[in-house]
Amino acid sequence: MSLDSRLERILAGKPAALLDAVASTRVLMHTAALLEQRMYCVLAPLGLHMREYLALFLLADSIHEAISPSSLSISLNATRTQVTRLLDSLEAKGLMLRVDNKTDRRGLELQLTDAGAQLLAQAIPLVEAVHQQTWAPLGDKHTHAMHLHLREGQDGLLDANALTNRKKLAAG
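My aim in this report is to walk through the structure given alongside it, one point at a time. As the structure is a computational prediction, the values presented were derived from the model and not from experiment.

### Considering the pattern of salt bridges
Close approach of charged atoms lets side chains of opposite charge pair. For the structure shown, the criterion picks out 3 salt bridges. Among the salt bridges present, the one from K93 reaches E52, with a minimum N-O distance of 3.1 Å. Within this pair, whereas K93 is found in the loop between helix 5 (80–92) and strand 1 (96–100), its partner E52 is found in helix 3 (residues 50–60), the two being separated by 41 residues in sequence. Owing to a relative accessible area of 39%, K93 belongs among the partly exposed residues under this scheme. The buried category is assigned to E52, whose relative accessible area is 4%. Between D88 and R98 there is a salt bridge; the shortest N-O distance is 2.8 Å. Here D88, found in helix 5, pairs with R98, found in strand 1; they are 10 residues apart in sequence, far enough to count as distant.

### A few points about helix 4 (residues 69–76)
One turn of the α-helix equals 3.6 residues, which is why residues spaced by three or four share an orientation. Looking only at helix 4, the buried set comprises L72, S73 and L76. Buried residues of helix 4, viewed axially, fall in a sector of 105°; they line one side. Residues of helix 4 that are buried make contact with helix 3, helix 5 and strand 2 (108–112). Phi turns positive one or two residues past the end of helix 4, at N77, with a value near 55°.

### So, the environment of H147
Its location among the elements puts H147 in helix 7 (residues 139–171). Remark: the alpha-carbon pair of H147 and W135, spanning 12 residues in sequence, is separated by 10 Å.

### With respect to the side chain of E109
Its place among the elements puts E109 in strand 2. For E109, a relative accessible area of 17% translates into the label buried. If we skip the residues at most four places from it in the chain, E109 touches A66, I67, L97, R98, V99, N101 and K102.

### Quick look at the nonpolar core
Core analysis: the biggest nonpolar cluster contains 26 residues, and L43, L48, Y53, L72, L90 and L110 have the highest contact counts within it. Listing elements by their share of this core, those giving two or more residues are helix 2 (16–43), helix 3, helix 4, helix 5 and helix 6 (114–135). If we skip the residues at most four places from it in the chain, Y53 touches L43, L120, A123, I124 and V127.

### A few points about the environment of E65
Take E65: it is sitting in the loop between helix 3 and helix 4. Taking relative accessible area as the criterion, E65 reaches 64% and is therefore assigned exposed. As a C-alpha pair, E65 and Y40 span 25 residues in sequence and 29 Å in three-dimensional space.

Thresholds applied
- Residues numbered from 1 in each chain as written.
- Predicted model: local features only at pLDDT ≥ 70, side-chain atom pairs only at ≥ 80, totals over all residues.
- Heavy atoms only, no water.
- Salt bridge = Lys/Arg side-chain N within 4 Å of Asp/Glu carboxyl O.
- Helix = DSSP H or I, 4+ residues; strand = E, 2+ residues; numbered from the N terminus.
- Buried < 20%, exposed > 50% of the residue type's maximum accessible area, 1.4 Å probe, protein only.
- Arc of directions from axis to C-beta.
- Contact = heavy atoms within 4.5 Å.
- Core = buried A, V, L, I, M, F, W, Y, C linked by side-chain atoms within 4.5 Å.

As structure tokens, then:
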């Protein structure tokens, strides 16, 4: 079943005021899934998943300030358990190291190894090419506008989630 035929079924009987919102949400979710799938395809020959690539990228970007597992968890929107598994995998592949924090004995810092930096250098152009291919049909002007619109939608969701959390705290 095509996306368009699924959309027709989903939109059938919906009030006119909801049609664009529901259709946009479904297309956005479908596009995000396709983009994620495309990223996995280009990273697979390097033995990487998207989250591993992002972790390596963040570690490479943490030259001036070391990154901890907790801050990586926040950046990747992942649980501590997920980040621990991710770090175990990257460490087993020799792509990063956990080292003791020099100022806080309880903490760990994460460091990219030379092998991790080399693999990241191979992955970055592949991922950047996917970014370019994804948005090229819109052109620079419309891509920038899409970025701004997506941010507005994201801000609305963040506000709605914050309100829901405040209500839960007040009720509990």
